[in-house]
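# Reading the structure
One-letter residues, chain by chain:
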Amino acid sequence: MKSILIKDGRIIDPGQGLDERGSLLLSEGRIAWRGVTPPQTDYDILYAEGMVVCPGFIDLHCHLRQPGSEEKETIATGTQAAARGGFTTICCMPNTSPPLDTRETVEYVKAEAEKSGAIRVLPIGCVTRGRKGEELADMEGLARAGVIGFSDDGSPVKDPEIMRQALEKSRELGLPVIDHCEEPSLVEGGQMNEGELAQRLGLRGIPSASEEIMVSRNIMLARMTGGHVHIAHVSTAGAVALIRDGKKQGIRVTAEATPHHLTLTEEECNGYNTNAKVSPPLRTRRDNQSLLRGLKDNVIDIIATDHAPHARSDKECDFVKAASGISNFETALGSLLGPVHSGQLTLNMLIARLTGDPARLLKDDLLGTLKVGAPADITIFDPYKEWTVEPGSFASKGKNTPLAGRVLKGKTTATIYGGKLIYKDNTVTFIGEL
Ligand SMILES: [Zn+2]
């Protein structure tokens, strides 16, 4: 593999407190050198003037749909979509069919990712057998097979006693239980955020309390067991307050927020727009603001996409029948730069929440960094490039996004994985062989 010089970019690596103009040399899959005057060796050149050069993004929460729902996404298409979005490591949820509740299914995903994946795929294993919530999956076996955590995502672990046992295992294994926090009895039949708009649209609402009850329960069980609970896709101001309080008490609770819960509101559901149907639902401006504040205050540890691709027929139907989820990889960065451009979030903090911070949750200090010697996983983006979201041109099979037709400011222009240029758009000049 030929070396690549990334020339004259704005190099940002919050983990090293780095934000300066310079170049990076990538050799044999690793970061070999950083500085201003490059060494005299043979390399291809990628010109990064006017662009940000940062560690490859890490996503702790996505759905690749394989095995079982290959019409929605495959590991091949999902990882290509992720690469276009600037992600070089993604963690896939186990709600496939069959679900990833055995060593064999986890091994299958790892082998398939090795064969057809464009980037690093780290599987998450089920908490309970068949995601049924009745008895624990073989969590030790799953841990040995290499899962990075456990989740029944799509559903919460409903039974508190089962959650208690799962968190005890979490403590022994040193891996988090990632819970989709929604009290099922309050969600049943719900379509969108509970409130005036839901009433006006005649849709059954899902109250914020459905999430907050589960977050609160999980924090209490984490306190009791010493296990690590990670709260998936936080959507309400009340949940942010509960997590803030839990952290203050020293309880092992971490949390993530998605691009859509940070930037969009329930108003997107107007006109019965099924592409705005997501679980948990889009909430209000006030919730967006609390989540942003939580990100700044280290209450929300990371940003995760919850990339949830669906087939056309899953969304081109009645709102009540439509599937929940957004195809998120390719718009995540553009969406998240919104709060940066409006001054609500700094660029450095956004990058930290997508790189070094998720790497810390993975307990991997070679990921999410531009340190010399680390794997050459790099994202290059133009923070000012304006572009129109056209789902038809997504690499993802899932064209389901409420952002179709919208103009976003900021776009990934090149992605390098393991020292190899795996994606570049037509604005980047690259002198060398692809
Ligand atoms: Zn979920």
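Here is what the cut-offs are and how they apply
Residues numbered from 1 in each chain as written. Predicted model: local features only at pLDDT ≥ 70, side-chain atom pairs only at ≥ 80, totals over all residues. Heavy atoms only, no water. Helix = DSSP H or I, 4+ residues; strand = E, 2+ residues; numbered from the N terminus. Expected span 1.5 Å × (residues − 1). Buried < 20%, exposed > 50% of the residue type's maximum accessible area, 1.4 Å probe, protein only. Arc of directions from axis to C-beta. Contact = heavy atoms within 4.5 Å. Polar contact = N/O pair within 3.5 Å; in protein donor to acceptor, adjacent residues only side chain to side chain. Pairing = 2+ DSSP bridges. Axes fitted to C-alpha atoms, helices over the stretch in contact; angles between N-to-C directions. Donors = N, O, S within 2.8 Å, 3.2 Å for Na, K, Ca; no water. Disulfide = S-S within 2.5 Å.

With 14 residues, helix α4 (residues 160-173) should cover 20 Å at 1.5 Å per step; its first-to-last C-alpha distance of 20 Å lies within 8% of that length. Listed in full, the buried residues belonging to α4 are Ile162, Met163, Ala166, Leu167 and Ser170. Seen along its axis, α4 keeps its buried residues to an arc of 135°; they face one direction. Taken together, the buried residues of α4 touch α3 (139-144), β9 (177-179), α7 (208-225) and β12 (229-231). The backbone nitrogen of Glu161 lies 2.8 Å from a side-chain oxygen of the residue at the head of α4, namely Asp159.

The strand order β6-β7-β8 describes an open sheet built from three strands, whose pairing is parallel. Edge positions in the sheet fall to β6 (57-62) and β8 (120-123), since each has one partner strand and no second. Going from strand to strand, the sheet's axes swing by 20° on average, the running direction of each strand aside. In the sheet, β6 pairs with strand β7 (residues 87-92) via four bridges, with the strands oriented parallel.

Here the focus is the pairing of strand β16 (residues 407-417). Here β16 lies mainly inside the structure; eight of its eleven residues are buried. Pairing geometry for strand β15 (residues 378-388) and β16, over eight bridges, is antiparallel. Paired with Ile380 across the bridge in β16 is Ala414. The pairing of β16 with strand β17 (residues 420-424) spans four bridges and is antiparallel. Paired with Tyr417 across the bridge in β17 is Lys420.

Apart from glycine, the bulk of residues carry a negative phi angle, and the bulk of peptide bonds sit in the trans form. For the bond running from Gln66 to Pro67, omega is 10°, close enough to zero to count as cis. In this structure, Pro280 follows Ser279 across a cis peptide bond, with omega equal to 0°. Mapped onto the elements, Pro280 comes out in the loop between α9 (259-263) and α10 (285-296). A positive phi angle, close to 55°, is found at Arg131, a residue other than glycine. The topology assignment puts Arg131 in the loop between β8 and α3.

Every protein donor of the zinc ion is listed here as Asp153 (OD), His180 (ND1) and His233 (NE2), and their distances to the metal cover 2.0 to 2.2 Å. Summarised as a motif, the one-chain spacing of the donors to the zinc ion is D-x26-H-x52-H. Of this pair, Asp153 sits in the loop between α3 and α4 while His180 sits in the loop between β9 and α5 (184-187), and the two are 27 residues apart along the sequence. On the accessibility criterion, Asp153 (2% relative accessible area) is buried.

Enumeration according to the criterion identifies zero disulfides in this entry. Cysteine Cys62 remains unbridged, with the sulfur of Cys92 as its closest cysteine sulfur at 5.9 Å. In this structure Cys91 is a free cysteine whose sulfur lies 7.4 Å from that of Cys62, the closest cysteine sulfur available.

Turning our eyes to something else, we now look at the pairing of strand β2 (residues 18-27). As paired elements, strand β1 (residues 3-13) and β2 share eight bridges and run antiparallel to each other. Bridge pairing in β2 links Leu5 to Leu25. Direction of pairing for β2 relative to strand β3 (residues 30-35): antiparallel, over a ladder of five bridges. Within β3, the residue paired with Leu24 across the bridge is Arg34. Linkage of β2 to β3, two consecutive antiparallel strands, is achieved through a turn of two residues, within which Glu28 is found at a positive phi near 50°.

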